[in-house]
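The lines below spell out each chain.
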Amino acid sequence: MEPDVFDPRCGSREVLGLIADRWSALVLYALRGRTLRHAELQRALGGISQKMLTQTLRGLEADGIVRRVSFPVLPPHVEYSLTPLGDSLAPLLAELCRWAETHLDEIRAARAGDAAG
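Below, the structure is looked at part by part. Just so you know, these numbers come straight off a predicted model, no measurement behind them.

Structural notes on the packing of aromatic side chains
Next, step 1: Tallying each qualifying case throughout the model produces zero aromatic pairs.
Next, step 2: Directly above the ring of Tyr-29 sits Arg-32, whose terminal nitrogen or CZ lies 3.8 Å from the centroid.

A look at the sheet that holds strand S2 (residues 66-71)
Next, step 1: One open sheet holds the three strands; their spatial order is S1-S3-S2, and the pairing between them is antiparallel. Among the strands making up the open sheet, the edge pair consists of strand S1 (36-37) and S2.
Next, step 2: Bridge count for S1 against strand S3 (residues 77-82) is two bridges, and the pairing is antiparallel. Bridging from a neighbouring strand, Leu-36 pairs with Tyr-80 of S3.
Next, step 3: The strands touched by helix H2 (residues 22-31) within the sheet are S1, S2 and S3, with S3 carrying the most contacts at an inclination of about 95°.

Looking at the side chain of Ser-81
Next, step 1: Summarising the element assignment, Ser-81 is placed in strand S3.
Next, step 2: For Ser-81, a relative accessible area of 12% corresponds to the buried category.
Next, step 3: Once residues lying within four places of it in the same chain are set aside, the contact partners of Ser-81 are Leu-31, Arg-34, Thr-35, Ile-65, Val-66 and Arg-67.

Let's talk about the pairing of S2
Next, step 1: Judged from the six bridges that link them, S2 and S3 form a sheet pairing that is antiparallel. The residue of S3 that forms the bridge with Arg-67 is Ser-81.
Next, step 2: Following S2, the chain reverses through five residues before pairing antiparallel with S3.

Thoughts on the environment of Leu-45
Next, step 1: If you trace the backbone, Leu-45 turns up in helix H3 (residues 38-45).
Next, step 2: Take Leu-45: its relative accessible area is 13%, and that puts it in the buried class.
Next, step 3: When the C-alpha positions of Leu-45 and Ala-30 are compared, they lie 7.4 Å apart, and in sequence the two are 15 residues distant.
Next, step 4: The residues contacting Leu-45, other than those within four sequence positions of it, are Trp-23, Leu-26, Val-27, Ala-30 and Leu-53.

Points about the packing of H2 against helix H4 (residues 50-62)
Each pair of packed helices can be described by the angle between their axes along with the distance between the axes.
Next, step 1: In the contact formed by H2 and H4, the axes pass within 10 Å of each other and the chain directions differ by 75°. The angle between the axes of H2 and H4 places the two elements in the roughly perpendicular class. Within the contact between the two elements, H2 uses Trp-23, Ser-24, Val-27 and Leu-28 and H4 uses Met-52, Leu-53, Thr-56, Leu-57 and Leu-60.
Next, step 2: Looking at side-chain class alone, the contact of H2 with H4 contains seven nonpolar, two polar and no charged residues.

Digging into unusual backbone geometry
Next, step 1: The step from Leu-74 to Pro-75 runs through a cis peptide bond, and the omega angle for that step is -5°.
Next, step 2: Its place among the elements puts Pro-75 in the loop between S2 and S3.

Rules used throughout
Residues numbered from 1 in each chain as written. Predicted model: local features only at pLDDT ≥ 70, side-chain atom pairs only at ≥ 80, totals over all residues. Heavy atoms only, no water. Phe/Tyr/Trp six-rings, centres within 6.5 Å; stacked < 30°, edge-to-face > 60°. Lys NZ or Arg CZ within 6 Å of the ring centre and 35° of its normal. Pairing = 2+ DSSP bridges. Helix = DSSP H or I, 4+ residues; strand = E, 2+ residues; numbered from the N terminus. Contact = heavy atoms within 4.5 Å. Axes fitted to C-alpha atoms, helices over the stretch in contact; angles between N-to-C directions. Buried < 20%, exposed > 50% of the residue type's maximum accessible area, 1.4 Å probe, protein only. Parallel < 35°, antiparallel > 145°, perpendicular 65-115°, else oblique. Nonpolar A, V, L, I, M, F, W, Y, C, P; charged D, E, K, R; others polar.

Set out below in structure tokens:
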């Protein structure tokens, strides 16, 4: 059977849910082309709790999209980067994020119109 996101039994829906998640998308966008530590990622994302970032990173690592490298030093030093699979997703997310930035004013105007109407 071919993957079909419209089929509720298809695992592709789960994959789509992964990239449609706000924090996952932002983590992937932040990591495109670079390696960051946990605190650097948290600063870059703004507004994400340490717990949510850790949870998001663990999920992305389990899915093979983010690589976690731990260095045996004190204090612990851990770096995150995209795997080749994550790299293949980065351009799509970059385009989606640019679209959101480009059309923000239009979305706000539409919402304001709904509130006024």
